[in-house]
Amino acid sequence: MALFEARELHLRFGDRVVLENVSLAFKAGKLSGIMGPNGAGKTTCFNVLTGRYKPNRGRVLLEGHDITGRPPQEIARLGVARSFQLMTLFDEFSVFENIAVALPATRARGYDPIGQAYADPALTWDVQQILESAGLAGRADDPAKALPYGARRALEIGVALACKPKLLFLDEPTAGLGSDGRARLADLVRKLKGTLTIVIIEHDMEFLFSLADEISVIHWGQVIARGTPAELKANPWVGASNLGRLN
Ligand SMILES: Nc1ncnc2c1ncn2[C@@H]1O[C@H](COP(=O)(O)OP(=O)(O)OP(=O)(O)O)[C@@H](O)[C@H]1O
Ligand SMILES: [Mg+2]
């Protein structure tokens, strides 16, 4: 059984069909990719899977349980984390503090989450483990606004990891990064791979093809192809729609 499944999702905005019969399955511990041209419906699909939009038809299943239309906070609590195409960090806070406020344990305590994280060795340890996983251990005290762009993206992934998710959705993690930043991010994702289930929307084919176990191609709101990177490279549809450029 897949950890997470979408079955025959349909979504319209007014009379505009944005998702049509989209079925996807993400296996536990695997890295799945989603690619497709601008406006294909990829982010909208994430928005349906994470509860931001309710589909007009179809179902979303987490570990076999129907979670269709549940609110985003509830889906997050069930172990589904996401990063956004646009970044959402607390700029004035340090790297440590950005992770500290994202920990469910500090949030649950309500009052002064950052002070609590500094004062409680168990929480400090938790934050440090996450910074380690995100490759940010050496930057704990830097203010988020002082981070280079690539490190900001890593911090955003760290914030998502703070909820100890079973499944992590990343929407275009390499956007805006140069080749060094991409290589570093690829290293980070490769390290995370296998420790949780990951789904990545990405335009950078080289990045995605080198990391993904399976890729689905979305075009005009439909899944037009899916397979391993090797299968997709050989798929005439993918080549014909100019999505298979690897260089
Ligand atoms: N809230 C909304 N209301 C109306 N139309 C929307 C809404 N959100 C998305 N759309 C439309 O749905 C279509 C799919 O958009 P989406 O953002 O999912 O594409 P995408 O595949 O993520 O593209 P990109 O690669 O550029 O990020 C677009 O035509 C977009 O304008
Ligand atoms: Mg998008």
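A. Broad picture of the overall build of the protein. Tallying secondary structure elements over the protein gives eleven helices and ten strands in all. Since a compact globule built from 247 residues should have a radius of gyration of about 18 Å, the 18 Å found for the protein is in line with a globular shape. With the principal axes as the frame, the protein shows a C-alpha extent of 55 × 40 × 35 Å. Each of the 247 residues in the protein was classed as buried or not, and the buried ones make up 39%. A separation threshold of at least 6 residues defines the contact pool for the protein, and within that pool the share at least 24 residues apart is 63%.

B. How the structure looks around the site of ligand 1. All residues in the neighbourhood of ligand 1 are listed as Phe13, Val18, Gly36, Asn38, Gly39, Ala40, Gly41, Lys42, Thr43 and Thr44. Take the shell around ligand 1: its biggest share by element is three residues, from helix α1 (residues 42-49). Tallied by class, the residues present in the shell around ligand 1 amount to three nonpolar, six polar and one charged.

C. Main features of the domain arrangement of the protein. Looking at the protein, the domain boundaries give domain 1 (1-79 + 165-247) and domain 2 (89-163). Computed from C-alpha coordinates alone, the two centres of domain 1 and domain 2 are separated by 26 Å. Domain 1 puts eleven residues into the contact, and the matching count from domain 2 is ten residues. Top contributing element to the side of domain 1 that touches domain 2 by residue count: helix α8 (residues 179-192), with five residues. Among the residues making up the side of domain 1 that touches domain 2, the classes are represented as eight nonpolar, two polar and one charged.

Conventions used here
- Residues numbered from 1 in each chain as written.
- Chains lettered and ligands numbered in written order.
- Predicted model: local features only at pLDDT ≥ 70, side-chain atom pairs only at ≥ 80, totals over all residues.
- Helix = DSSP H or I, 4+ residues; strand = E, 2+ residues; numbered from the N terminus.
- Rg over C-alpha atoms; globule rule 2.2 N^0.38 Å.
- Buried ≥ 20, exposed ≤ 12 C-beta atoms within 10 Å, placed from the backbone.
- Contact = placed C-beta atoms within 7 Å.
- Near = placed C-beta within 6 Å.
- Nonpolar A, V, L, I, M, F, W, Y, C, P; charged D, E, K, R; others polar.
- Domains from an automatic or database assignment.

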